[in-house]
Amino acid sequence: MSQSLTIRDVEESDLPALKAMIDETWEWVDLVESQEALDATISLYLNQVLYYSSFGKVALLDGKIAGAIFGSVEGDAPVCRMLQDDSMDHALTLLKATENERRDVYECISKINSTYADLLRGKEDTYDGSLVFLAVSEEARGIGLGKQLWHELSAYFGTKSVKSIYVYTDTDCNYAFYESAGFTCRDEQDLSCAFRVGDWNVRIFLYEYRFH
């Protein structure tokens, strides 16, 4: 049975579905002690994505959000920033979490950001754009939706005369997608975060794409 596909600009009403996709990708549900703390962590992460993005699209299959892509171009206004919800509410939720849980989350986020900075260090001037976020829901994988979303973002980069971009990804994601789309891995680094109930171990990659 054929499905109806629509790709449109991201809207504020899409945020719950985007958070659900992040939750599905991270698989942190068994690492963070309370659902409230996990929801707050995901919301803070999504706000960070929105903060930096000058482009945002979602894909709908039969009216249901099945994927999303965000990107940024150096010097372009981060228009997605206006979609952010109140980060203070999420920070307060984490403050109410147990001390161990709060420490685990903040230490892991700090390690992720530090790893990203290490991977990009010395290469900052190489890129004039970035793929900030790409996700496809589990039930929509394998039908080429990621490639269609990437086509939308690459067309935007084309209108801005972008020459090269970067993206962070890791072994919890379908990082092979980037190689199939013509990206090249520039660097990689292992990351380990210790939670009270288990460890989260991933390898983080920095991929780049050059437009010809």
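Before reading further, recall that the structure is shown in the block above.
These figures come from a predicted structure and were not determined experimentally.

### Considering unusual backbone geometry
Keep in mind that most residues, glycine aside, have a negative phi and that most peptide bonds are trans. For Asp-62, which is not glycine, the phi torsion reads 50 degrees and is therefore positive. With respect to the element layout, Asp-62 can be found in the loop between β2 (55-61) and β3 (64-73). The backbone phi angle of Ser-161 is positive, close to 55 degrees, even though this residue is not glycine. We classify Ser-161 as exposed; its relative accessible area is 53%.

### A closer look at the side chain of Asp-14
Mapped onto the secondary structure, Asp-14 falls in the loop between β1 (5-9) and α1 (15-26). Within the local environment of Asp-14, its side chain forms a polar contact with the side chain of Arg-8, the two groups lying 2.8 Å apart. Among all residues touching Asp-14, those that are not within four sequence positions of it are Arg-8, Asp-9, Val-58 and Ile-65.

### Here we look at the pattern of salt bridges
Across all of its chains, the model carries 14 salt bridges by this definition. Linking Glu-24 and Arg-141 is a salt bridge whose minimum nitrogen-to-oxygen distance equals 3.5 Å. Residue Glu-24 is located in helix α1, and its partner Arg-141 is located in the loop between β4 (129-136) and α5 (145-159); the two are separated by 117 residues in the primary sequence. Residue classification places Glu-24 among the partly exposed positions, given a relative accessible area of 27%. Taking relative accessible area as the criterion, Arg-141 reaches 44% and is therefore assigned partly exposed. Among the salt bridges present, the one from Lys-123 reaches Asp-187, with a minimum N-O distance of 3.6 Å. Pair noted here: Lys-123 is in the loop between α4 (99-120) and β4 and Asp-187 is in strand β6 (residues 184-195), with a separation of 64 residues, a long-range link. On the accessibility criterion, Asp-187 (28% relative accessible area) is partly exposed. Each of the salt bridges in this network shares a partner with another, and the network as a whole consists of Arg-8, Glu-11 and Asp-14.

Analysis parameters
- Residues numbered from 1 in each chain as written.
- Predicted model: local features only at pLDDT ≥ 70, side-chain atom pairs only at ≥ 80, totals over all residues.
- Heavy atoms only, no water.
- Helix = DSSP H or I, 4+ residues; strand = E, 2+ residues; numbered from the N terminus.
- Buried < 20%, exposed > 50% of the residue type's maximum accessible area, 1.4 Å probe, protein only.
- Polar contact = N/O pair within 3.5 Å; in protein donor to acceptor, adjacent residues only side chain to side chain.
- Contact = heavy atoms within 4.5 Å.
- Salt bridge = Lys/Arg side-chain N within 4 Å of Asp/Glu carboxyl O.

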